[in-house]
Amino acid sequence: MAAERIESRAGAVEIEALRAPSGERLRVRDVRAGAEICLDPIELEGLTRVRHGKLAAALGLAADGGADGANGAAVEAAETETPVVGGVEVLQNEFAMVAVGRVDVAGGPHLLVRDLASRAEVLLDPGELCTLTRLRHRSFAPMLDPSSLVQAVEPDPDQV
């Protein structure tokens, strides 16, 4: 994924998939503040498992989800999936496989993160993405706790 800008009144971020010897990452950079974070697939997958209120609390956001109510909204797998603008990038490591891409919804542009094993997804607006850039990786630990998960069939990388 080439660097792509997602912008709204809440913030402006640049997202880019990176492939390095240390693994695949999604770089999220707050354009205005210059802060950035590189999230690995397991951290991205963790975002899809957190219900809206917990995600908002973990990110230090208001629990009501903002004006349009879609911000940070984690949704269970549905019959129809959210259409992605401009394509999907698959990021994987030995623990997780996620698809990421930009989507345009009523509330404006968002980043879609979809867990390819469970099909759970989350939509993050630019303001929430800016907030992610100010977190430390240890802040993701509660979202990564697998104790409440049900075993899901792992997707075949050749079938994605």
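Residues numbered from 1 in each chain as written. Predicted model: local features only at pLDDT ≥ 70, side-chain atom pairs only at ≥ 80, totals over all residues. Heavy atoms only, no water.

Engineer: Could you give an account of the overall build of the protein chain, with specific residues and numbers?
Structural biologist: Counting its secondary structure elements, the protein chain contains 4 helices and 9 strands. Listing each helix as α and each strand as β along the protein chain from the N terminus yields β-β-β-β-α-α-β-β-β-β-β-α-α. Per-residue burial over the protein chain gives 42% buried out of 160 residues. Within the protein chain, counting contacts between residues at least 6 apart in sequence, those at least 24 apart form 52% of the total. Split by element, the accessible area of the protein chain, about 8,200 Å² in all, is 51% carbon and sulfur. (Helix = DSSP H or I, 4+ residues; strand = E, 2+ residues; numbered from the N terminus. Buried < 20%, exposed > 50% of the residue type's maximum accessible area, 1.4 Å probe, protein only. Contact = heavy atoms within 4.5 Å. Areas by Shrake-Rupley, 256 points an atom, 1.4 Å probe, with all protein chains shown as cover.)

Engineer: Outline the environment of Arg-114, supporting the account with residue identities and numerical values.
Structural biologist: In this fold, Arg-114 is placed in strand β8 (residues 108–115). A relative accessible area of 6% places Arg-114 in the buried class. Note: C-alpha distance between Arg-114 and Glu-45 (69 residues apart in sequence) is 7.3 Å.

Engineer: Can you lay out helix α1 (residues 41–49) for me, pointing to particular residues and giving the numbers?
Structural biologist: The buried fraction of α1 amounts to 8 of the 9 residues, a majority that puts the element mostly inside the structure. Among all positions in α1, only Pro-41, Glu-43, Leu-44, Glu-45, Gly-46, Leu-47, Thr-48 and Arg-49 are buried.

Engineer: How would you sum up the side chain of Asp-30? Please name residues and give values.
Structural biologist: Within the secondary structure layout, Asp-30 lies in strand β3 (residues 23–30). The class for Asp-30 is buried, based on a relative accessible area of 5%. A distance of 3.0 Å separates a polar atom in the side chain of Asp-30 from the backbone nitrogen of Arg-32. Filtering out sequence-adjacent residues up to four positions away, Asp-30 remains in contact with Ala-12, Val-13, Ala-35, Cys-130, Thr-133 and Arg-134. (Polar contact = N/O pair within 3.5 Å; in protein donor to acceptor, adjacent residues only side chain to side chain.)

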